[in-house]
Amino acid sequence: MKLFLLTLCASLLAFAAATPPSRTTAKRNSSPFVSTDGTSDFKYIGTNAYWLPSLNTNEDIWYSLGNISALGIKVVRLWAFNDVDTVPINGTWFQLVNNCTVTINDGPNGLQKLDTVIQMAEQHGLYVILSLTNNWYPLPLLNSTVKPIDSTIFSRDVTAGTNNSLPRNYLSNDYGGMDLYVRQFGFETHDQFYTHPTILNSFMNFTTQVVSRYVNSPAIFSWELANDPRCNSTIAASAECTTETVTQWHATVATHVRSIDPNHLISAGTSGYMCTDCPKLYPLNPAPAPAASPSPVPGKKKRSKVAPVTTRQILAERAESRRRNREAAKLAGTLKQDGVRIRGRWASSATRRQESQSVGSIYDGSYGVDSQDIMNIPNIGFGSFTLFPDQQSYGPDDPNLQPYENTLNSGIDWIIKQAQSAAAVGKPLSLTGFGLVTQSSATDFVPFNMTTAPYASDTSSTTTSSTYGVTNQQQTDAYSTWLNTGISAGLNGIVQYQWGQTNLTAQTGTTISPGVTGISSNPQTTSSSPSDDTTGISPNDGYSSTGNDGVQQVMQTASQQIASD
């Protein structure tokens, strides 16, 4: 096994700022690599499978990629990082970060596993989006004085003999990431990952090792700088973290990646949060037109005349939507009054008036993310956003709609707003992850900032009274609606979260372990004892497609539709 060792804490390394890149990118008309030069409109349906390098056999990797390709899916998004603070006994790991020392694993259970995934993806005609780190790593803080951001974030108990039921790498947030760097380098706030020269140097060293491996691979679709970056995580942010902090980090790392790899696209991996009234490091130039139009210009970098999303627009459209829904409810005799009655007339309450004047956290910069500004960084090739209504509110609910209708409509509006923002910047856009939790998968649902399932049933009982989640049919319908909305809005890519795969090789102590089919061990296994190897299924954090055949059907239909669009 070949290891690369880097020790950084002996001295704080100064980081030299790179020369700002040009706002134009060279055309690569004859290149085998995907580009945004406007010569072709490559549109795709994709899926997430962060766990692919953690599978136990090459045959399982080949089998999974083959099934994905058979549906007409063209792009797979996965993790190109697997950070640990202690070398594990079993399974895959890419980088050891421990007490200021970094060791990169180039062995058969290290980056060579990623090599295999990339090679097999190419053979199946698939592209891969490789994410370089994760915002989320909600594991125990051990002896650190750093406190969780709030009491709703639970750490997995790793004490021997206690209820630690999930194997390493099962959850998407169990691959290391930003907070592992912060802890192991002895810092205290999440945003020091973005700003401290020592951590930045360490991360870019790992980035160099990974990116340089695949400079000439036609299977790489893009380098995604981070999954869901924001100011805070399990570890809280400092008071100094702003949207400009996160934007500047993206610009710095994008410049670094471009200096290594001139061939492939670079993307941000943000969730699409905006800041309609924030100052910009990369303002639109020329200035946007005064009138907004949601029509995007997919696949081209030519500056459009579409205006960016504004606070005024958001509030006006919400008011109009509520007015229409109230009128429809009146006609149907189902109107629900949400104010107070004064002298025989209904008036909005103070709470309603306050809500109506707020665009909410997804638009006001509360998360420290301004996706428009990040998208406009010259080295960022396309924009990205996600849609997870079980973990994020995308606007105030309308009391005259059913919960499912609010979920569906807020998703539609979010997609359209993102398309408008990308069109204002003049770059392509991809929905890099979307999902809804069903009632049948609610007990396995683990939010990205947690390691436990809030709706898990009592393991001593074979039944559950949980009614959280939508029905399988509602999930299928919502996915179909969102896919159609994205295609109509001109998105270049729509990536479902996440792929589910059965009949995998299970080995005790690895990600695919015997009997593990969700948040807790499942006794329904063909093995004669817990240590016997048997077949297993891919990780399910509540979003796996294995629980609903309709999901794959709508994805196959969308793959055909977007290809002919």
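Refer to the structure printed above.
None of the values given here were measured: they were computed from a predicted structure.

## Regarding the overall build of the chain
When helices and strands are tallied, the chain shows 12 helices and 16 strands. Among the 565 residues that make up the chain, the fraction classed as buried is 55%. For the chain, the exposed area adds up to about 23,400 Å²; of that, 51% sits on carbon and sulfur atoms.

## Focus: the state of the cysteines
One covalent bond between the sulfur atoms of two cysteine residues makes up a disulfide. Enumeration according to the criterion identifies two disulfides in this entry. Here Cys 231 pairs with Cys 241 through a disulfide, and the sulfurs are 2.1 Å apart. When the S-S torsion is -85°, as for the bridge of Cys 231 with Cys 241, the disulfide is left-handed. Of this pair, Cys 231 sits in the loop between strand S8 (220-224) and helix H6 (243-260) while Cys 241 sits in the loop between S8 and H6, placing them 10 residues apart in sequence. For the pair Cys 231 and Cys 241, one class covers both residues: buried.

## A short note on the sheet that holds strand S13 (residues 429-434)
Strand order in this open sheet of eight strands is S9-S8-S7-S3-S2-S14-S13-S12, and the pairing throughout is parallel. Each end of this open sheet is capped by a strand with a single partner; those strands are strand S9 (265-267) and strand S12 (383-387). The average angle at which neighbouring strand axes cross in this sheet is 25°, direction not considered. Two strands pair when backbone bridges link them, and strand S3 (residues 75-79) and strand S7 (residues 127-131) are joined in this way by five bridges, in the parallel orientation. Along S7, the bridge assignment pairs Val 75 with Tyr 127.

## Brief notes about unusual backbone geometry
Note the cis peptide between Tyr 497 and Gln 498, where omega equals -5°. Among the secondary structure elements, Gln 498 is positioned in the loop between strand S14 (493-496) and strand S15 (504-506). Not every positive phi belongs to a glycine, and Asn 169 is a case in point at roughly 75°. Summarising the element assignment, Asn 169 is placed in the loop between S7 and helix H3 (178-184). Notably, Asn 503 is not glycine yet its phi reads approximately 60°, a positive angle. Relative to the helices and strands, Asn 503 is located in the loop between S14 and S15. Looking at Asn 503, the relative accessible area reads 51%, which means it is exposed.

## Concerning the nonpolar core
Among the nonpolar cores identified, the biggest contains 125 residues, and Leu 114 and Leu 130 are the most heavily contacted of them. Looking at this core element by element, the count peaks at eight residues for helix H10 (residues 403-425). When near neighbours in sequence (up to four residues on either side) are disregarded, Leu 130 contacts Leu 78, Ala 80, Leu 114, Ile 118, Tyr 214, Ile 220, Ser 222, Trp 223 and Glu 224. Val 34, Val 75, Ile 129 and Phe 221 belong to the second-largest nonpolar core, a separate cluster that totals eight residues.

## Some thoughts on helix H11 (residues 472-489)
With 18 residues, H11 ought to run about 26 Å at 1.5 Å a step, and its terminal C-alpha atoms sit 26 Å apart, in line with that. Listed as buried for H11 are Gln 475, Thr 476, Ala 478, Tyr 479, Trp 482, Leu 483, Thr 485, Gly 486, Ile 487 and Ala 489. Gly 490 sits one or two residues past H11 and shows a positive phi near 90°.

## Comments concerning the side chain of Thr 511
Residue position: Thr 511 is located in the loop between S15 and strand S16 (534-536). Judged by relative accessible area, Thr 511 falls into the buried class, the value being 5%. Within the structure, the side chain of Thr 511 is placed 3.0 Å from the backbone oxygen of Arg 168, a separation counted as a polar contact.

Here is what the cut-offs are and how they apply
Residues numbered from 1 in each chain as written. Predicted model: local features only at pLDDT ≥ 70, side-chain atom pairs only at ≥ 80, totals over all residues. Heavy atoms only, no water. Helix = DSSP H or I, 4+ residues; strand = E, 2+ residues; numbered from the N terminus. Buried < 20%, exposed > 50% of the residue type's maximum accessible area, 1.4 Å probe, protein only. Areas by Shrake-Rupley, 256 points an atom, 1.4 Å probe, with all protein chains shown as cover. Disulfide = S-S within 2.5 Å. Pairing = 2+ DSSP bridges. Axes fitted to C-alpha atoms, helices over the stretch in contact; angles between N-to-C directions. Core = buried A, V, L, I, M, F, W, Y, C linked by side-chain atoms within 4.5 Å. Contact = heavy atoms within 4.5 Å. Expected span 1.5 Å × (residues − 1). Polar contact = N/O pair within 3.5 Å; in protein donor to acceptor, adjacent residues only side chain to side chain.

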